[in-house]
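The lines below spell out each chain.
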Amino acid sequence: MVSGNPLTPPNTASVPAAASTSAGFGSIAAVAARLHFLRPSSGKGFGGCGILRYATGGYPRQSSPKLGQGIPTQARAHQCVRFCGFDTEPRCRHQVSTISSQHDPYYRFNDVMYRWISLDNWTYSRTFKTPFDIRKWQKVNLVFEGVDTVAQILINNITFGRTDNMFNRYSFDITSVIKEVNFVEVHFLSAVSYAAEQSRCHKAYSIPPACPPPVQKGECHANFIRKEQCSFSWDWGPSFPTQGIWKDVRIEAYNHYHLIYFSLTSFFVKSAQQWSLEIEAIFDVVSSKPIAGLVTVNIPKLQTQQTFSVKLQPGEGSIVLLVNINKSSAVEAWWPNGHGKQTGYNMTTTFIMEAGYQIEKFSKAYFRTVELVQEPIPGSPGLSFYFKINGRPIFIKGSNWIPADAFQDRVTYDTLWLLLKSTADANMNALRVWGGGVYEQDEFYNICDEIGIMIWQDFMFACALYPTDQNYLESVRAEVSHQVRRLKSHPSIILWSGNNENEAAIASNWFSIPYADREVYIKDYVLLYVKNIREIVLTEDKSRPFIASSPTNGLESVKEGWLSQNPYDTHYGDTHFYDYSNDCWNWTVYPKTRFASEYGFQSWPSFSTIEKISSTEDWSYTSNFSLHRQHHENGNDQMLQQIGHHFKLPQSTDPIKKFKDTIYLTQVMQAQCIKTETEFYRFSQSEIIKGEGHTMGALYWQLNDIWQAPSWASLEYGGKWKLLHYFAQNFFAPLLPVAYEDKGVLYIYGVSDLHADRKLTLRVVVHAWSSLEPVCTLAKDGVTVKAQSAVLIYKESINNLLERCRNCTRKSCVITFCLVGEGGLQSPTNHHFLSSLKDAVGLEKTQLSASVSQRDDVYIFVLQTTAIAPFVSLDVGRIKGRFSDNGFLMTEKKKVVVFYPWEPTSVEELEESLTLTSLVDVV
């Protein structure tokens with residue numbers, strides 16, 4: 001996994017590393033030089049970033065060049081190997097323009113064709129000249145911010161370090177071996193081979209699961225290596241067990257002392273009614289004696305400046321400073337998206353120590369508190385499970401985040417910004433960083449801080465049991481310490497969670513462990529997540545809550561020895577829920593849980609997304625490609641089954657038209673299913689029915705895609721919005737009317753995230769499918785929608801409603817409704833279907849048309865229809881951008897939709913690329 005630029009082929013001349021001030025800390029006591037490794041020894045590099053990509057066919061197994069050998073001229077001209085994060089300038093500019101997409105690792109069946117790369121071992125090496133006088137520095141370290149994963153590191157032919165954890169930071173003392181000119185090598189061992197060997201050596205008892213299901217086409221024993229678990233495959237992603245240097249590498253030289261970590265966390269002291277900041281600085285002190293000095297913290301906007309006398313002890317150690325914020329300054333707290341501003345304050349921390357060496361650290365101070373409330377609820381067994389931010393209960397709205405690419409070097413700031421901005425634009429306020437991926441890069445959390453996306457942060461353990469031998473635990477402890485120190489300053493992170501679904505795996509016995517053997521695995525579970533991970537988190541960070549797993553029963557799980565009998569109990573904690581066989585429009589199948597942290601349905605990405613990595617013969621729902629790309633058992637059939645509940649399946653004799661129609665219907669189905677389920681969770685927040693309710697979170701699975709394939713995502717690979725994401729913009733709106741039917745009675749709830757009660761008008765309109773003129777309209781004035789709650793605002797039997805609106809039956813009519821208030825306040829218009837659309841009477845083939853014009857930086861689409869059109873989809877193919885609305889029920893002759901481009905385009909391009917589809921266009 002990588003974060004950087006393309007590798008240069010073997011035999012390319014190296015570029016000297018440039019000296020800079022130390023690691024961004026502004027220290028005059030140190031220098032740092034970034035290393036650019038340029039020579040993978042095997043010439044085949046796919047791994048860790050090391051994948052040989054876009055070559056003219058790649059090297060045949062028998063002729064792969066070794067270090068020092070020549071390579072064919074033709075191959076060299078088209079070769080682009082990635083070197084994970086060393087270069088600051090791209091080294092292979094031709095990769096996009098001149099290289100065939102057929103050699104993209106995501107093209108067709110290349111995930112299997114390129115499997116050999118992950119089974120090989122790789123060496124990265126280079127000669128470099130030390131860019132400073134080594135005699136002037138007491139200590140010189142070679143620092144790897146991220147190595148993926150198992151490697152031996154040599155400098156000048158001396159082994160001085162080994163790595164075995166992708167998520168750890170490694171710093172090696174090379175003071176005694178560094179020269180003016182040096183040769184450095186990083187020998188990687190295949191992650192697949194290493195994991196298999198570790199599993200084989202664990203002879204006492206098995207640690208399941210051994211291998212992923214065959215449908216995933218993955219590698220085995222991912223749980224035996226501290227590496228991105230989904231890189232061995234998942235039910236939505238390919239198997240690319242990368243190897244390489246995936247984060248920054250540098251040489252640091254310093255005298256006296258060096259700042260390694262710097263963090264700040266905020267607290268509100270209720271007794272004093274005052275904000276305070278806890279600042280922690282971790283140093284490496286080279287001197288044999290303690291070093292004394294002064295630390296000054298300055299936050300100008302808050303008129304706060306404090307100076308502390310400190311003494312740094314020899315070796316690695318920390319100092320903790322408590323800064324009390326000036327009471328006369330009004331502190332603006334950090335709020336989640338939709339609840340207030342994300343105010344941060346510029347802060348300077350200056351360390352002036354003996355001998356005049358000074359470090360100046362610039363940072364952003366944010367002020368927010370978080371509580372996870374688990375307390376009894378009147379009228380219900382169990383405990384609540386909700387978050388308070390700055391003392392205010394917040395309904396968590398959002399999704400689950402997976403790695404944005406199998407190759408981390410391709411995940412740029414722009415990639416992250418696009419995906420996270422799309423999260424906020426869909427009215428979400430939270431994401432769960434799922435435990436089978438990676439701890440995301442700093443830019444990810446910085447963006448979340450800036451735009452108000454709360455993060456539920458899993459530790460990287462998922463859907464498996466794990467070893468607990470001493471070496472493994474030591475590696476995990478170093479990983480957890482590093483990640484908590486690195487991330488705890490971010491106000492966006494509101495929760496640490498030990499793992500994904502591993503409590504449930506033991507409780508529900510996913511791996512068929514004999515009852516007599518259970519105790520061994522329970523003991524391992526508690527040892528890993530409680531006695532190690534939790535212990536470190538509580539030591540390192542007292543500013544936010546920790547839970548051991550998800551789903552969990554929270555405090556009830558703790559009471560039951562950290563493993564509850566049923567982690568899916570709706571009366572406690574959070575739940576994960578999936579059901580592909582029952583009709584998803586039937587809200588009664590959903591759990592009235594305290595917190596829904598995973599739920600979802602699959603769909604296919606747009607044809608324009610699939611087209612890039614496939615060929616004509618693949619464009620069928622039953623092609624080998626379509627079966628190969630589906631990594632969830634029976635997933636394609638499950639989608640058709642779910643579609644069949646309410647829609648007619650495509651029957652076109654044109655195979656490509658049939659494929660496109662099927663893709664469209666999978667997206668309509670997914671959007672409508674997750675809308676129904678999410679609205680159920682939102683209207684359950686203020687009520688207890690039969691002891692269940694007070695749902696305070698809805699995080700659907702999943703936000704983004706790792707490649708172009710059918711999945712649960714609402715954002716396709718590349719960022720294009722599926723219909724689900726447009727629906728999310730509405731079903732997560734701050735003000736929303738939600739309808740459901742029970743025993744022939746229609747109930748409409750007013751759901752609000754607003755901070756004040758509102759008096760509103762509810763408008764209910766009944767339409768016949770056969771006419772653009774409403775059959776009847778009801779306006780109910782003076783409806784009170786309470787702040788941050790869900791209240792019943794309308795109730796009527798469907799029969800009464802249809803009688804009042806003459807000439808209407810369940811099959812011939814549809815209901816729409818919205819809330820309107822003063823000052824332009826208006827909810828999205830919602831809909832309630834009275835029958836399956838495959839049974840709808842009066843739906844006519846419509847003539848949909850659109851005119852396009854430009855206004856400043858956006859484009860205006862004026863749509864016209866000759867009849868009611870359900871699920872109107874606008875698609876502009878490969879042109880990057882999003883619409884203001886999509887997938888909507890068009891009940892008026894004209895509708896204006898805005899297109900926000902993400903790259904330069906034109907009216908002509910948009911008109912040429914536009915496809916308009918509605919349900920009646922499916923043949």
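Everything discussed here concerns the structure shown above.
Because the structure is a prediction, the values reported are computed rather than measured.

**Student:** Explain the overall build of the chain here, please?
**Tutor:** A count of helices and strands for the chain gives 17 helices and 48 strands. When the 923 residues of the chain are sorted by exposure, 63% land in the buried category. Look at the contacts in the chain between residues 6 or more apart in sequence, and 72% of them connect residues 24 or more apart. Accessible surface computed for the chain: about 34400 Å², of which carbon and sulfur atoms make up 50%.

**Student:** I keep staring at the state of the cysteines and nothing clicks. Help me out?
**Tutor:** Cysteine pairs can be covalently joined through their sulfur atoms, and such a bond is termed a disulfide. A full pass over the atoms with the stated rule returns 4 disulfides. There is a disulfide in this structure between Cys211 and Cys220, and the S-S distance comes to 2.0 Å. Since a negative S-S torsion denotes a left-handed disulfide, the Cys211-Cys220 link at about 105 degrees is right-handed. Taking the relative accessible area as the measure of exposure, Cys220 reaches 22% and is therefore partly exposed.

**Student:** Could you clarify how one ought to interpret unusual backbone geometry in this entry?
**Tutor:** Comment: phi is negative for the bulk of residues other than glycine, and the bulk of peptide bonds are trans. With an omega of 0 degrees, the peptide bond running from Ser550 to Pro551 counts as cis. Within the fold, Pro551 resides in the loop between β29 (546-547) and α10 (555-559). Here the residue pair Trp701 and Gln702 is connected by a cis peptide bond, since its omega of 10 degrees sits within 30 degrees of zero. Here Asn509, not a glycine, exhibits a phi torsion of approximately 55 degrees, which is positive. Within the fold, Asn509 resides in the loop between α8 (502-507) and α9 (518-540). Note on Asn509: relative accessible area 30%, which makes it partly exposed.

**Student:** Help me understand the sheet that holds strand β21 (residues 358-366) in this model?
**Tutor:** Pairing between the strands of a sheet comes from backbone hydrogen bonds, and it takes one of two forms, parallel or antiparallel. Pairing within the open sheet is antiparallel, and its 4 strands lie in the order β18-β17-β20-β21. Each edge of the open sheet is held by one strand with a lone partner, namely β18 (304-312) and β21. Going from strand to strand, the sheet's axes swing by 20 degrees on average, the running direction of each strand aside. Across 6 bridges, the pairing between strand β17 (residues 291-299) and strand β20 (residues 344-353) is antiparallel. Bridge pairing in β20 links Leu294 to Ile352.

**Student:** Can you help me understand the pairing of strand β36 (residues 745-752) in this one?
**Tutor:** For a regular strand, side-chain orientation follows a simple rule: the groups alternate between the two sheet faces. Burial analysis of β36 places 8 of its 8 residues in the buried class, which makes it a mostly covered element. Residues of β36 alternate between two faces, with Val745, Tyr747, Tyr749 and Val751 on one and Leu746, Ile748, Gly750 and Ser752 on the opposite face, all of them buried. Across 8 bridges, strand β35 (residues 735-742) lies against β36 in antiparallel orientation. Its bridge partner being in β36, Glu741 is matched across the sheet by Leu746. Count of turn residues in the β35/β36 antiparallel hairpin: 2 residues, of which Lys743 carries a positive phi of about 50 degrees.

**Student:** When you look at the nonpolar core in this model, what are you seeing that I'm missing?
**Tutor:** Most often, soluble globular proteins have nonpolar side chains that are buried together. Ranked by internal contacts, the top residues of the largest apolar core, which has 154 residues, are Trp401, Phe459, Ile533 and Phe861. At 12 residues, the largest contribution of residues to this core is made by helix α14 (residues 655-683). Dropping the residues within four chain positions of it, Ile533 is found in contact with Phe459, Phe461, Val476, Val480, Leu528 and Phe546. Core analysis: the next-biggest nonpolar cluster, separate from the first, contains 49 residues, Met347, Ile394, Ile494 and Leu699 among them.

**Student:** Just to check I follow, could you spell out the pattern of salt bridges for this structure?
**Tutor:** Pairs can form between side chains of opposite charge once their charged atoms are near each other. Tallied over the entire structure, the rule returns 34 salt bridges. Of the charged contacts, one joins Lys421 and Asp425 as a salt bridge, the two residues approaching to 2.7 Å between their closest N and O atoms. Residue Lys421 and its partner Asp425 are located together in helix α5 (residues 413-425), separated by 4 residues, close to a single helical turn. You can call Lys421 partly exposed: its relative accessible area is 30%. Taking the shortest distance from any N to any O, the salt bridge between Lys845 and Asp921 comes out at 2.8 Å. Here Asp921 lies in the segment after β48 (915-917) and Lys845 lies in the loop between β41 (830-833) and β42 (849-855), a separation of 76 residues in the sequence. By relative accessible area, Lys845 is classed as exposed at 54%. Looking at Asp921, the relative accessible area reads 16%, which means it is buried. Salt bridges linked by common partners bring Glu145, Arg169, Asp248, Arg250 and Glu252 together as one network.

**Student:** Before we go on, may I ask you to explain the sheet that holds strand β43 (residues 858-864) in this structure?
**Tutor:** In spatial order, the strands read β42-β43-β47-β45; together these 4 strands make up an open sheet with antiparallel pairing. Where the open sheet ends on each side, the last strands, each with one partner, are β42 and β45 (881-883). When strand polarity is set aside, the average angle formed by the axes of neighbouring strands in this sheet is 25 degrees. In terms of strand pairing, β45 meets strand β47 (residues 894-901) through 3 bridges, oriented antiparallel. What sits directly across from Phe883, in β47, is Phe899.

**Student:** What is the right way to look at the environment of Lys780 in this model?
**Tutor:** With respect to the helices, strands and loops of the structure, Lys780 is situated in strand β38 (residues 774-785). A relative accessible area of 34% places Lys780 in the partly exposed class. In this structure, the C-alpha to C-alpha distance between Lys780 and Leu762, residues 18 residues apart in sequence, is 5.0 Å. Sequence-distant contacts of Lys780, that is, excluding residues within four places in its chain, are made with Leu760, Thr761, Leu762, Ile793 and Tyr794. Reaching out from Lys780, the side chain makes a polar contact with the backbone oxygen of Ile793 at a distance of 2.5 Å.

Reading the values: rules and limits
- Residues numbered from 1 in each chain as written.
- Predicted model: local features only at pLDDT ≥ 70, side-chain atom pairs only at ≥ 80, totals over all residues.
- Heavy atoms only, no water.
- Helix = DSSP H or I, 4+ residues; strand = E, 2+ residues; numbered from the N terminus.
- Buried < 20%, exposed > 50% of the residue type's maximum accessible area, 1.4 Å probe, protein only.
- Contact = heavy atoms within 4.5 Å.
- Areas by Shrake-Rupley, 256 points an atom, 1.4 Å probe, with all protein chains shown as cover.
- Disulfide = S-S within 2.5 Å.
- Pairing = 2+ DSSP bridges.
- Axes fitted to C-alpha atoms, helices over the stretch in contact; angles between N-to-C directions.
- Core = buried A, V, L, I, M, F, W, Y, C linked by side-chain atoms within 4.5 Å.
- Salt bridge = Lys/Arg side-chain N within 4 Å of Asp/Glu carboxyl O.
- Polar contact = N/O pair within 3.5 Å; in protein donor to acceptor, adjacent residues only side chain to side chain.

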